[in-house]
Amino acid sequence: GAGVSQSPRYKVAKRGQDVALRCDPISGHVSLFWYQQALGQGPEFLTYFQNEAQLDKSGLPSDRFFAERPEGSVSTLKIQRTQQEDSAVYLCASSPLDFGRGGEQFFGPGTRLTVL
Amino acid sequence: RKEVEQDPGPFNVPEGATVAFNCTYSNSASQSFFWYRQDCRKEPKLLMSVYSSGNEDGRFTAQLNRASQYISLLIRDSKLSDSATYLCVVNMRGYNKLIFGAGTRLAVHP
């Protein structure tokens, strides 16, 4: 079956531009996560949705980062006024389980963002 | 101090070798433990969950020591296809987010 998909796969932005990254989770998955992975590091948590509710945004590095999942399926991560330190791979993951139950997360291929 | 620490490697081993990776975690509230595998420029994928009693999946054996807050992964009879980065991952009680180590890189050569 279809896995998690993300678009675009690659994005080059000039410093100061706004970008929007899209995630299509596995159909029916309740939980959706965004992670940021810098070169040579493990993924770091950004934010978590249970259906359309954003239950945890403690990992968002600044108020330039904003995420939404208005209908409980597709999610968008928006970064305003991009900075060079935002360059990273942005991974989306989904899980059929709800809050607090942990378990396997299924990752998309990521969007590689390069800010010049 | 990072919440999950791993030796970054790289571990360079010949085919057929046995290799072990270790990981420590700092938060005693951690309740679920995993090893994920990440190939170069690909997404992480679950390799195996780690249970207190230890568990095995073919050539892979995972161990958890809650008292020492220590997790291990043993790979026997290494294959070329095992070359990847192995991510140690924990999940805390009451939270769904995963906390990743920086990964240990394994290179298996002929």
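Residues numbered from 1 in each chain as written. Chains lettered and ligands numbered in written order. Predicted model: local features only at pLDDT ≥ 70, side-chain atom pairs only at ≥ 80, totals over all residues. Heavy atoms only, no water.

Asker: Where do I start with the pairing of strand E9 (residues 84-92) of chain B in this structure?
Answerer: Within a regular strand, the side chains alternate between the two sheet faces. Residue and element names in this part refer to chain B. The buried fraction of E9 is high, at 9 of 9 residues. The side-chain alternation of E9 yields two buried faces, one formed by Ala 84, Tyr 86, Cys 88, Val 90 and Met 92 and the other by Thr 85, Leu 87, Val 89 and Asn 91. Two strands pair when backbone bridges link them, and strand E4 (residues 30-38) and E9 are joined in this way by 8 bridges, in the antiparallel orientation. Bridging from a neighbouring strand, Phe 33 pairs with Val 90 of E9. Across 3 bridges, E9 lies against strand E10 (residues 98-100) in antiparallel orientation. Paired with Val 89 across the strands is Phe 100, a residue of E10. In this antiparallel pair of consecutive strands, E9 and E10, the connection spans 5 residues, and Gly 94 shows a positive phi of 85 degrees. (Buried < 20%, exposed > 50% of the residue type's maximum accessible area, 1.4 Å probe, protein only. Helix = DSSP H or I, 4+ residues; strand = E, 2+ residues; numbered from the N terminus. Pairing = 2+ DSSP bridges.)

Asker: Quick question: what am I supposed to make of the nonpolar core here?
Answerer: For soluble globular proteins, nonpolar side chains are generally found buried alongside one another. If you look at the biggest cluster of nonpolar residues, it comprises 25 residues, and the most contacted ones within it are Phe 21, Trp 35, Ile 71, Leu 73, Ile 75, Tyr 86 and Leu 106 of chain B. Contributing elements (two or more residues each) for this core: strand E3 (19-25), E4, strand E5 (44-50), strand E7 (60-65), strand E8 (70-75), E9 and strand E11 (104-109) of chain B. Looking at this core element by element, the count peaks at 5 residues for E9 of chain B. Leave out the neighbours within four places in its chain, and Phe 21 of chain B touches Phe 11, Trp 35, Ile 71, Ser 72, Leu 73, Ile 75, Tyr 86, Thr 104 and Leu 106 of chain B. Counting 19 residues, the second largest nonpolar core, distinct from the first, contains Val 19, Leu 60, Ala 67 and Cys 92 of chain A. (Core = buried A, V, L, I, M, F, W, Y, C linked by side-chain atoms within 4.5 Å. Contact = heavy atoms within 4.5 Å.)

Asker: Quick question: what am I supposed to make of the sheet that holds strand E8 (residues 75-79) of chain A here?
Answerer: Each strand in a sheet pairs with another by means of backbone hydrogen bonds, the pair being arranged parallel or else antiparallel. Residues and elements named next belong to chain A. Spatial strand order, E1-E3-E8-E7: 4 strands in an open sheet with antiparallel pairing. Each edge of the open sheet is held by one strand with a lone partner, namely strand E1 (5-7) and strand E7 (65-68). With strand direction ignored, the average angle separating the axes of adjacent strands in the sheet is 15 degrees. Bridge count between E7 and E8: 4 bridges; the pairing is antiparallel. Each residue of the ladder has a partner; that of Ala 67, found in E8, is Leu 77. (Axes fitted to C-alpha atoms, helices over the stretch in contact; angles between N-to-C directions.)

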